[in-house]
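For reference, the chains in residue letters:
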Amino acid sequence: MKLQGKVALVTGASRGIGRAIALELARNGVKRLLLVARDRVQLAAVAQEVRALGVEAVPLAVDLTDPAAIQITIAQAWRDRGPFHLLINCAGIAHQTPFLQSKLPQVQDEVALNLMGMYAITRSVARRMAARSEGTIVNVSSLMGKIAAPTMSTYSATKFAILGFTQALRGELAKHNIRVVALLPTLTDTDMARRLQLFRGVMPVTPETVAKSLIKGLKRGSSEILVGWQSHLAVWCQRLAPGLLDWILRLAAPNSKLNRWAFGSRQ
Ligand SMILES: NC(=O)c1ccc[n+]([C@@H]2O[C@H](COP(=O)([O-])OP(=O)(O)OC[C@H]3O[C@@H](n4cnc5c(N)ncnc54)[C@H](OP(=O)(O)O)[C@@H]3O)[C@@H](O)[C@H]2O)c1
């Protein structure tokens, strides 16, 4: 995919991976960026960074758990600043809890944003893209959308679901000339990761690394973009020796007895 002169909408653009993707798209020649998140102040700061790279930036403060607000925002943005060629669904939240202590409201939060929010904005944008027979949609899943890990059951469930959603849309929207891509970041140094108890032995990458992998994958025409050698290794290990991977995950999980025995307790 050529990015020069394109219009892209990035959700979760106020910080973390979404911000890094917006800046990397700006460096790669997009014409206009629509930046979606809730925090107006942070969005305005990212918009300034984008403009400093010579690219038009339009901050759109919207809560993606509010389907009516999404409908109105997309209709207005498409009319005034569209059409969009690229939708990057990056906004997401993660709650980490041992399953037996998990709380329904946290699961509802994850489903409301990671799944229902993604569904609502994708439907709104994809209908318009289909009418023009042109577009690319990137859904940000996670390595945890391929390999589920202890303490992350409900987050992993939403990220597995995103891969299913993406695969189905890829087949369905191809006839409208819409490409649908999954991005699977590994652990990335953002506010989200800073709130988690980390898995031992997993080295975080930077949001910029994730953004650069996405751009490379888009240019290559990949339909699933894994980030970093640890992710490739983990996915291969799951294919070739799933029992071994399960054992490693249990060993590395936060607060596991094995983890404390093997690495000492710092958590
Ligand atoms: N960090 C990692 O290790 C990692 C690894 C794999 C995959 N991922 C995925 O990558 C994506 C970005 O994660 P991140 O690490 O960059 O997280 P982050 O730093 O916590 O950023 C989350 C982004 O989502 C936005 N957001 C949250 N709730 C929202 C809502 N209700 N409506 C609109 N926007 C909302 C936030 O903006 P506001 O608060 O301003 O609304 C922010 O821009 C997520 O989908 C995550 O699951 C992250």
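What comes next is a walk through the structure.

The rules behind each value
Residues numbered from 1 in each chain as written. Predicted model: local features only at pLDDT ≥ 70, side-chain atom pairs only at ≥ 80, totals over all residues. Heavy atoms only, no water. Salt bridge = Lys/Arg side-chain N within 4 Å of Asp/Glu carboxyl O. Helix = DSSP H or I, 4+ residues; strand = E, 2+ residues; numbered from the N terminus. Buried < 20%, exposed > 50% of the residue type's maximum accessible area, 1.4 Å probe, protein only. Near = heavy atom within 4 Å. Polar contact = N/O pair within 3.5 Å; in protein donor to acceptor, adjacent residues only side chain to side chain. Areas by Shrake-Rupley, 256 points an atom, 1.4 Å probe, with all protein chains shown as cover. Nonpolar A, V, L, I, M, F, W, Y, C, P; charged D, E, K, R; others polar. Pairing = 2+ DSSP bridges. Axes fitted to C-alpha atoms, helices over the stretch in contact; angles between N-to-C directions. Contact = heavy atoms within 4.5 Å.

Under the definition given, this model contains 11 salt bridges. One salt bridge connects glutamate 56 with arginine 81, and the closest N-O pair in it is separated by 2.8 Å. Taken together, the residues glutamate 56 in strand β3 (residues 56–61) and arginine 81 in helix α3 (residues 67–81) connect sequence positions 25 residues apart. Overall, the relative accessible area of 30% leaves glutamate 56 in the partly exposed class. Taking the shortest distance from any N to any O, the salt bridge between arginine 79 and aspartate 80 comes out at 2.9 Å. Residue classification places aspartate 80 among the partly exposed positions, given a relative accessible area of 48%. Linked through salt bridges whose partners overlap, the residues forming this network are Arg15, Asp189, Asp191 and Arg194.

For the rest of this paragraph, the subject is the site of the ligand. Surveying the vicinity of the ligand reveals 31 residues, the closest of which are Arg15, Arg38, Tyr155, Thr188 and Thr190. Backbone polar atom of isoleucine 17 to an oxygen atom of the ligand: 2.8 Å apart, as the coordinates give it. One of the side-chain nitrogen or oxygen atoms of aspartate 63 is found 2.9 Å away from a nitrogen atom of the ligand. When the ligand sits alone it has 880 Å² of accessible area, and the protein chains cover 96% of it. Breaking the shell around the ligand down by element, the ones donating at least two residues are α1 (16–27), α5 (153–173) and α6 (191–194). If you tally residues by element for the shell around the ligand, the top one is α6, at 3 residues. Split by residue class, the shell around the ligand holds 14 nonpolar, 10 polar and 7 charged.

Further remarks concern the sheet that holds strand β4 (residues 86–89). The 7 strands lie next to each other as β3-β2-β1-β4-β5-β6-β7, forming an open sheet whose pairing is parallel. The open sheet has two edge strands, β3 and β7 (224–226), and neither has a second partner. Each neighbouring strand pair of the sheet contributes to a mean axis angle of 15°, computed without reference to strand direction. With 6 bridges joining them, strand β5 (residues 135–140) and strand β6 (residues 178–184) adopt parallel strand pairing. Its bridge partner being in β6, glycine 135 is matched across the sheet by isoleucine 178. Helix α7 (residues 207–220) rests against β4, β5, β6 and β7 of the sheet, and its axis sits at about 150° to β6.

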